[in-house]
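As a plain string of letters, each chain reads:
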Amino acid sequence: MAESNAWILDFGQHFTAAVGAREVLHLLDVHSTFLVPCTPKYCNSVVAWRDRLLPVMDMASRLGGMTQQAKFIAVVGYQQRRGEYPQFGALLLSSPPLQATVNDEQACKLPENAQVWNGLAMACFDFHGEAVPVLDINRLFNTAPISA
């Protein structure tokens, strides 16, 4: 049975998701963000990281919750296509990421609020009795939210 390592991310307001172990690159203090005018509420700030300005995504807000007071920022990396240079973004977190090991037997359906994960989750697994969607970070940072 193949196992994979993941980070479980707590976005607040009962929104959690997972990413691959190699996708979380750095954890930052939330006070290091800068607001950007005329941007959507779910992505209205940037953070300076390694001589780059990264968009900061408030997943709770993007998934239909309220804008939250996050405590941490997770810098994530992804590739748009295999072999291309990596791209980077940042996610607001309510608590530090939790490391998990998952296997195929833990696969399950998306949680009850599945429609909010439409197009953003590529899989889902059961972790201690809770369905945890697996984020497609490339799609997250390169697609606009679907309006209901």
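Further up the page is the structure itself.
Note that the structure is predicted; figures quoted are calculated from it, not measured. (Residues numbered from 1 in each chain as written. Predicted model: local features only at pLDDT ≥ 70, side-chain atom pairs only at ≥ 80, totals over all residues. Heavy atoms only, no water.)

Q: Before we go on, may I ask you to explain the overall build of the protein in this structure?
A: A tally of regular secondary structure across the protein gives two helices and eleven strands. The secondary structure elements of the protein, listed N-terminal to C-terminal, are β-β-β-β-β-β-α-β-β-β-β-β-α. A globule of 148 residues ought to have a C-alpha radius of gyration of about 15 Å, and the protein, at 15 Å, matches this closely. Overall, the protein is about 45 × 35 × 25 Å in size when its C-alpha atoms are taken along their principal axes. Looking at the protein residue by residue over its 148 residues, the buried ones come to 43%. (Helix = DSSP H or I, 4+ residues; strand = E, 2+ residues; numbered from the N terminus. Rg over C-alpha atoms; globule rule 2.2 N^0.38 Å. Buried < 20%, exposed > 50% of the residue type's maximum accessible area, 1.4 Å probe, protein only.)

Q: Can you walk me through the packing of aromatic side chains in this structure?
A: Aromatic rings in a pair are described by how distant their centres are and how their planes are angled relative to each other. Considering all chains together, one arrives at two aromatic pairs under this definition. Ring plane angle 5° and centroid distance 5.9 Å describe the contact between Tyr 78 and Phe 141, whose orientation is recorded as stacked. Taken together, the residues span a long stretch of sequence, with Tyr 78 in strand 7 (residues 72–78) and Phe 141 in helix 2 (residues 137–142) at a distance of 63 residues. Note on accessibility: Tyr 78 and Phe 141 belong to one class, buried. (Phe/Tyr/Trp six-rings, centres within 6.5 Å; stacked < 30°, edge-to-face > 60°.)

Q: Can you walk me through the pattern of salt bridges in this structure?
A: Oppositely charged side chains may form a pair once their charged atoms are brought near each other. Considering all chains together, one arrives at one salt bridge under this definition. Its salt-bridge partner being Arg 81, residue Glu 84 comes within 3.6 Å of it at the nearest N-O pair. Glu 84 gets classed as partly exposed once you look at its relative accessible area, which sits at 32%. (Salt bridge = Lys/Arg side-chain N within 4 Å of Asp/Glu carboxyl O.)

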